[in-house]
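Geometric and topological summary
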Amino acid sequence: MTPGRPSTAAPSTHSPWTIARIQQTLSSEVMIRRFLLDLTHAPEHEVMNVFTAWQKVAAAIEQHALKAAPEAPALPASVRPTTEGQ
């Protein structure tokens, strides 16, 4: 994105991938430590490759979590709890 120009990228439903977002998505202390070690010890020319590799891992974890937690089905009006009489 160039300053003063609007972004031409399609808007995403998620925030952009950052080191912090990858770290939050990994959630395992062992994986977080490994990610940070890989990133901080990578030579300059490899930093973006390391970031991209871990971004793919985090994206896979995020997708799996979304599939594993389906939305709760809406209850029909006839069985919804009411607050009358309370």
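Heads up: the structure comes first, above all this text.
Note that the structure is predicted; figures quoted are calculated from it, not measured.

A separate point is the packing of aromatic side chains. What the rule picks out here adds up to one aromatic pair. In this arrangement the basic side chain of Arg-21 is found over the ring face of Trp-17, its NZ or CZ atom lying 3.7 Å from the centre.

Helix length check: helix α3 (residues 47-68) (22 residues) gives 32 Å between terminal C-alpha atoms against 32 Å at 1.5 Å per residue, within 8%. Listed in full, the buried residues belonging to α3 are Val-50, Phe-51, Trp-54, Ala-58 and Glu-62. All buried residues of α3 lie within an arc of 100° about the axis, which places them on one face of the element. What points out from α3, more than 90 degrees from its buried face, is the exposed set Lys-56, His-64 and Lys-67. Residues of α3 that are buried sit in contact with α1 (19-26) and α2 (29-41).

Cut-offs applied
- Residues numbered from 1 in each chain as written.
- Predicted model: local features only at pLDDT ≥ 70, side-chain atom pairs only at ≥ 80, totals over all residues.
- Heavy atoms only, no water.
- Phe/Tyr/Trp six-rings, centres within 6.5 Å; stacked < 30°, edge-to-face > 60°.
- Lys NZ or Arg CZ within 6 Å of the ring centre and 35° of its normal.
- Helix = DSSP H or I, 4+ residues; strand = E, 2+ residues; numbered from the N terminus.
- Expected span 1.5 Å × (residues − 1).
- Buried < 20%, exposed > 50% of the residue type's maximum accessible area, 1.4 Å probe, protein only.
- Arc of directions from axis to C-beta.
- Contact = heavy atoms within 4.5 Å.

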